[in-house]
Amino acid sequence: MAGASAHWRMEAACRAADSEELFAEAAKQNRAKAVCAGCPVRIACLAEALDNRIEFGVWGGMTERERRALLRRRPGVRSWRVVLDAARGVREQPRAS
């Protein structure tokens with residue numbers, strides 16, 4: 001897992017950001033979420049935080065509060081990476097006319 005983690009982290013939009021911005025509180029979290037919005041590795045980042053129950057900071061565009069709520073709603077998920085990749089695949093499929 002360390003190799004895979006290192007790979008996506010090198011491509012993250014926040015790689016050069018000040019950690020104070022990413023681990024901000026309250027309204028300041030919206031700035032961190034804005035950085036995540038166009039990040040090419042947003043799904044990998046969010047999966048990392050959910051799978052490892054990372055408690056602090058904005059990861060993959062979600063605050064710790066948002067991640068906790070998601071984990072409570074879906075307690076049986078073993079791999080968020082699988083769930084998120086599947087959801088992205090469904091979203092990217094062309095719709096039938």
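You'll find the structure just up there.
Residues numbered from 1 in each chain as written. Predicted model: local features only at pLDDT ≥ 70, side-chain atom pairs only at ≥ 80, totals over all residues. Heavy atoms only, no water.

## As for the nonpolar core
Thinking step 1. Of all hydrophobic cores here, the largest spans ten residues; its members are I43, L46, A47, L50, M62, L70, L71, V77, W80 and L84.
Thinking step 2. Where this core is concerned, the elements lending two or more residues are α4 (42–51), α5 (64–73) and α6 (80–92).
Thinking step 3. Broken down by element, this core gets its largest block of residues, four residues, from α4.
Thinking step 4. When near neighbours in sequence (up to four residues on either side) are disregarded, M62 contacts L46, G57, R67 and L70. (Core = buried A, V, L, I, M, F, W, Y, C linked by side-chain atoms within 4.5 Å. Buried < 20%, exposed > 50% of the residue type's maximum accessible area, 1.4 Å probe, protein only. Helix = DSSP H or I, 4+ residues; strand = E, 2+ residues; numbered from the N terminus. Contact = heavy atoms within 4.5 Å.)

## Things to note about the state of the cysteines
What we call a disulfide is simply a covalent bond connecting the sulfur atoms of a pair of cysteines.
Thinking step 1. Applying the stated criterion to the full structure yields zero disulfides.
Thinking step 2. We note that C14 lacks a disulfide partner, and the nearest cysteine sulfur, in C45, lies 5.9 Å from it.
Thinking step 3. Look at C14 and you get partly exposed, because its relative accessible area is 25%.
Thinking step 4. In this structure C36 is not part of a disulfide, and its nearest cysteine sulfur, from C45, lies 6.0 Å away.
Thinking step 5. Owing to a relative accessible area of 9%, C36 belongs among the buried residues under this scheme. (Disulfide = S-S within 2.5 Å.)

## A few points about α5
Thinking step 1. When α5 is considered as a whole, its buried residues turn out to be E64, R67, L70 and L71. One side of α5 holds all its buried residues, which, seen down the axis, span an arc of 125 degrees. Across α5 from its buried face, at more than 90 degrees, point the exposed residues R65, R72 and R73. (Arc of directions from axis to C-beta.)

## Some thoughts on empty space enclosed by the protein
Thinking step 1. A full pass over the atoms with the stated rule returns one cavity of 30 Å³ or more.
Thinking step 2. Forming the walls of the largest cavity are W8, A12, A13, C14, V35, C36, C39, R42, C45 and G60.
Thinking step 3. Secondary structure elements with two or more residues in the lining of the largest cavity: α3 (29–37) and α4.
Thinking step 4. Of the residues assigned to the lining of the largest cavity, the class counts are eight nonpolar, one polar and one charged. (1 Å grid on protein atoms, 1.4 Å probe; cavity = no way out; pocket = protein on both sides within 12 Å on 5 of 7 lines; lining within 4 Å. Points joined across faces, edges and corners; volume = space filled by probe spheres on them. Nonpolar A, V, L, I, M, F, W, Y, C, P; charged D, E, K, R; others polar.)

## Structural notes on the environment of G61
Thinking step 1. Turning to its location among the elements, G61 is positioned in the loop between α4 and α5.
Thinking step 2. On the basis of relative accessibility, which here comes to 9%, the residue G61 falls in the buried class.
Thinking step 3. For the pair G61 and K33, spaced 28 residues apart in the sequence, the C-alpha separation amounts to 4.7 Å.
Thinking step 4. In this view, G61 contacts K33, C36, R42 and E66; residues no more than four positions away in its chain are not counted.

Geometry only, nothing functional implied.
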